[in-house]
There are 2 protein chains.
Amino acid sequence: MTIGQTARAAGVGVETIRFYERQGFIDRPPKPLGGGYRRYPSATVERIRLLRQAQGLGFSLREAATLLDLGSRPDARAESIRNQAVQKLADVDRRLEELGAIRGALVELLQTCPREGPASCCSVWQALSQPAAHSPIEGNTTMPQHTRLAIEGMQCDGCVRVVQQALEREPGVQRCIVYLDNGQSEVTHDPDVVTPERLAETLLSTGYRATVVSD
Amino acid sequence: MTIGQTARAAGVGVETIRFYERQGFIDRPPKPLGGGYRRYPSATVERIRLLRQAQGLGFSLREAATLLDLGSRPDARAESIRNQAVQKLADVDRRLEELGAIRGALVELLQTCPREGPASCCSVWQALSQPAAHSPIEGNTTMPQHTRLAIEGMQCDGCVRVVQQALEREPGVQRCIVYLDNGQSEVTHDPDVVTPERLAETLLSTGYRATVVSD
DNA sequence: ATAAAGTCCGTACCGGGGTACGGAGTAAAC
DNA sequence: GTTTACTCCGTACCCCGGTACGGACTTTAT
């Protein structure tokens, strides 16, 4: 099969196949020695279909490709596949929660908004003018701030080490203590250099979801 | 106020302000005639805060800017603001529905998935249909390289996630699978972009000692 | 034999929301 | 008066999932 036939069979565009090849999600068959067009095995069609299926379940292409490679190994176990799905479910749940919070806020604003009148009467407009709940307004003093973070997903002291390293590497962090038993961390930092939210973001990009505990 | 002071007051980075200016979301004050730094009015701080607030309600920056311009006109009516919010709510509802469908599919698959056994028993895998072993046809082009790493100190699947993220973030890495049981990882990467040794260094700086396993 | 269709390959671009870098100029603090 | 911090400006890059273009080539259909 040529690339065009493969694309039609898989229900995608030719450019999409080339894109997947560039990204390494599918193998690129070699060009025939005598010259001519590349020939695609029918397995490629199947693989593309599987990638799209997994995409439909919320997986990114990279995750989908990992999943397929994971499952096509001879010693593949159900647990490893299941694990990926569980992770993805948690991911989806998190996004649902975020979106639900946004929806709740919008619904509430719309309920209290009069349908007419000047813009200043509109509750949506008023909500925008409210100061942020977490505004980092600071004086000119640079007193160290103590922040407590609740960290999800730490399960062993390897995690503790990673989390501690990530926090200490952050500019503005003076010292931090990470507890495995309650999943929390106490960070001493300069609030002018790094906000608690920034610390949480740092951990998120390291792989741990963290929230600021107000005490 | 200079740009840095404005950024601190608004709780964003300097680069963010410049980005907003480039995108036309905020006005860019003219440079003083005698030369020197641009001076920002305090209204800019307010505008940035409003933009971020609207972002938090689910609006894109472009929508947020439109909303602000809409509301700050003298003849602004509550209806026009309200209308934008209603549209956004519909948008949020649509995304919630899509995400809910994905969640439903995942939950159902996980319920019927046995916790052990070969991958072929896993309902998630079955949902993706047949395996169709990814045939390793090697061409003459620079094909991705498969590297196996032995990683010390991984003790839970949180570690697995961190290691996987760290590897996938490395340029040149196409995908990787991390196994908790044998402490190894299989990485597919472009050898021209990133060497196996470089991968090990990456993990070391993440907090895990890794060695390349020759197979 | 020739025209139409298909392929190859590199490269650039879309939208969304920024971050990062580097060299030069400027302002402020000590 | 020197050092340090800050600003200015252009440009490039990040993720994600592709789409588009253009010139040269190859295959197929008539």
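That block above? That's the structure.
Overview of the structure. (Residues numbered from 1 in each chain as written. Chains lettered and ligands numbered in written order. Predicted model: local features only at pLDDT ≥ 70, side-chain atom pairs only at ≥ 80, totals over all residues. Heavy atoms only, no water.)

## Re the protein's contact with DNA strand C
Rule in force here: In these notes, residues near a molecule or strand are those with any non-hydrogen atom within 4 Å of it. Under the rule applied, a polar contact is a pair of N or O atoms within 3.5 Å (in protein, one hydrogen donor and one hydrogen acceptor; residues adjacent in sequence only if both atoms are side-chain atoms). What counts as a helix is a DSSP run of H or I of at least four residues, what counts as a strand is a run of E of at least two, and both are numbered from the N terminus. Residues were grouped as follows: Ala, Val, Leu, Ile, Met, Phe, Trp, Tyr, Cys and Pro as nonpolar; Asp, Glu, Lys and Arg as charged; and all remaining residues, including Gly, as polar.
Around DNA strand C there are 22 residues in total, and T2(A), Y37(A), R38(A), T16(B) and Y37(B) lie nearest to it. Within 4 Å of the protein, the atoms of DNA strand C are drawn from sugar and phosphate moieties in a proportion of 66%. R38(A) is positioned such that a nitrogen or oxygen atom in its backbone is 2.4 Å from a phosphate oxygen of DNA strand C. When residues of the surface near DNA strand C are traced back to their parent elements, those giving at least two are helix 1 (3-10) and helix 2 (14-23) of chain A together with helix 2 (14-23), helix 3 (42-56) and helix 4 (61-71) of chain B. For the surface near DNA strand C, the element with the highest residue contribution is helix 2 of chain B, accounting for five residues. In terms of residue class, the surface near DNA strand C is built from six nonpolar, seven polar and nine charged.

## Some details on the protein's contact with DNA strand D
Of all residues adjacent to DNA strand D, which total 22 residues, the nearest are T16(A), Y37(A), T2(B), G4(B) and R38(B). Here, DNA strand D places atoms within 4 Å of the protein, and 70% of those atoms are sugar or phosphate. The separation between a base oxygen of DNA strand D and a polar side-chain atom of Y37(A) is 2.5 Å. At 2.6 Å, a side-chain N or O of T2(B) approaches a phosphate oxygen of DNA strand D. Elements that contribute at least two residues to the surface near DNA strand D include exactly helix 2 and helix 3 (42-56) of chain A together with helix 1 (3-10) and helix 2 of chain B. Here the surface near DNA strand D gets five residues from one element, more than from any other, and that element is helix 2 of chain A.

## Quick word on the pattern of salt bridges
Rules: Salt-bridge detection follows one rule: a side-chain nitrogen of Lys or Arg within 4 Å of a carboxyl oxygen of Asp or Glu. Residue burial is assigned from relative accessible area. The probe radius is 1.4 Å, only protein chains are included, and a residue is buried under 20% of its type maximum, exposed over 50%, and partly exposed in between.
Within this structure, the stated rule accounts for 19 salt bridges over all chains. Here R47(A) makes a salt bridge to D69(A), at a shortest N to O gap of 3.3 Å. Remark: D69(A) occurs in helix 4 (residues 61-71) and R47(A) occurs in helix 3; sequence separation between them is 22 residues. Comparing R47(A) with D69(A) shows no difference in burial state: the two are buried. Linked through salt bridges whose partners overlap, the residues forming this network are E63(B), K88(B), D91(B), R94(B) and E98(B).

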